[in-house]
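# Secondary and tertiary structure notes
Read off the chains here:
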Amino acid sequence: MSSRIVPSNVNPNEPVALQRTANPARIRIAGLLLAVGSVSWAVGTVIVGEKIKEGIQTLDTITGMLFVVGMFAFVWTVLATRGVGDGWARIVPAGLLVLFVGAFLLNALSFGYARHEDFPLPLMIMDACWPLSQIGMLVLGIILAVKARYQGALRWLPLLVGMWFPVSIVADIIGGGTFSVYVSGVWLVVMHAHLGVRLALRPISL
């Protein structure tokens, strides 16, 4: 397999080998998927609003699938560019890829059910992929910030992306469901989509 060498943003004198599967064009696509998926789900959640408490909403489900695809693409990029290094920390993004596949399948298989309570046991188990993936994103963000293999905004944006879950929970406690929906939507656009746009515009900076 061929590879290309680009300057590492860890140390100027330490090159990072990007495998053929992590070429700039594919990183650019991953960034676009993250940006489009995040904005789509942000809009979908705002439109659906409090109706989500009434049961499964088609718009939320479809845009949620787009969001998961974007998150999968970002985590794949972290693995492909060795953003967490080559040690034990690779378990985190590898595990996240599995969780996001589970989250996507959950959404895809939820069509035909009115409420989450109507899910059969296998889907109820699969439903755990969603909160676990968001906790995993926070852990990934912390690792990326600590290891500092990415520089500038790319070092800190994944941590802010990982904070979406706790921020949304706090917003719901403080201001209720409607307030939480808007906070969540803004966070998805400002943090997730922002990260995606940066990857799409400057993939070689990884």
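Being a predicted model, the structure only gives us computed values, none of them experimental.

Next up on the list: the nonpolar core. Grouped together as the largest cluster of nonpolar side chains are 36 residues, with contacts concentrated most on Phe74, Val75, Met137, Leu140 and Leu195. Elements supplying a minimum of two residues to this core: helix H1 (24-48), helix H2 (58-80), helix H3 (91-109), helix H5 (129-147), helix H6 (153-162) and helix H7 (164-201).

We now examine the packing of H2 against H7. It is the contact of H2 with H7, at a shortest axis distance of 12 Å, that shows an interaxial angle of 50°. Judged on the interaxial angle alone, H7 and H2 are oblique. At the point where H2 passes H7, the crossing takes the left-handed sense. Residues Phe67, Met71 and Phe74 of H2 pack against Leu188, His192, Leu195 and Leu199 of H7. Of the residues belonging to the contact of H2 with H7, the class tally is six nonpolar, one polar and no charged.

So, on to the side chain of threonine 61. Topologically, threonine 61 is positioned in helix H2. Given a relative accessible area of 5%, threonine 61 falls into the buried group. If near-sequence neighbours (up to four positions away) are discounted, threonine 61 is found in contact with Ile56, Asn107, Ser110 and Phe111.

Enumeration over the complete set of coordinates arrives at two salt bridges. Between arginine 82 and aspartate 86 there is a salt bridge; the shortest N-O distance is 2.9 Å. For arginine 115, the salt bridge is made with aspartate 118, and the minimal N-O distance between the two is 3.2 Å. In this structure aspartate 118 comes out as partly exposed when scored by relative accessible area, which is 33%.

About the thresholds
Position numbers for residues count from 1 along each chain, tracking the sequence in the order it is written. Only residues with pLDDT of 70 or above have their local features reported here, since the model is predicted, and side-chain atom pairs are shown and tallied only from 80 upward, although totals for entire chains, interfaces and linings are computed over all residues. Here the side-chain values reflect all heavy atoms present in the structure, with hydrogen atoms and water set aside. To qualify as a nonpolar core, a set must consist of buried Ala, Val, Leu, Ile, Met, Phe, Trp, Tyr and Cys residues joined through side-chain atoms within 4.5 Å. Exposure classes here rest on a 1.4 Å probe applied to the protein chains alone. A residue is buried below 20% of its type maximum, exposed above 50%, and partly exposed in between. Counting from the N terminus, the helices are the DSSP runs of H or I reaching at least four residues and the strands are the DSSP runs of E reaching at least two. Angles here are taken between N-to-C directions and fall from 0 to 180 degrees, while the axes themselves are lines fitted to C-alpha atoms, restricted in helices to the stretch in contact. Each angle is binned into one of four classes, with values under 35 degrees roughly parallel, values over 145 roughly antiparallel, values of 65 to 115 roughly perpendicular, and all other values oblique. The hand of a helix crossing depends on one turn: near helix anticlockwise from the far one by less than a right angle means left-handed, and clockwise means right-handed. Contact criterion: two residues are considered in contact whenever any of their non-hydrogen atoms come within 4.5 Å of each other. Classification used: nonpolar for Ala, Val, Leu, Ile, Met, Phe, Trp, Tyr, Cys and Pro, charged for Asp, Glu, Lys and Arg, polar for all others including Gly. The working definition used for a salt bridge is a side-chain nitrogen of Lys or Arg within 4 Å of a carboxyl oxygen of Asp or Glu.

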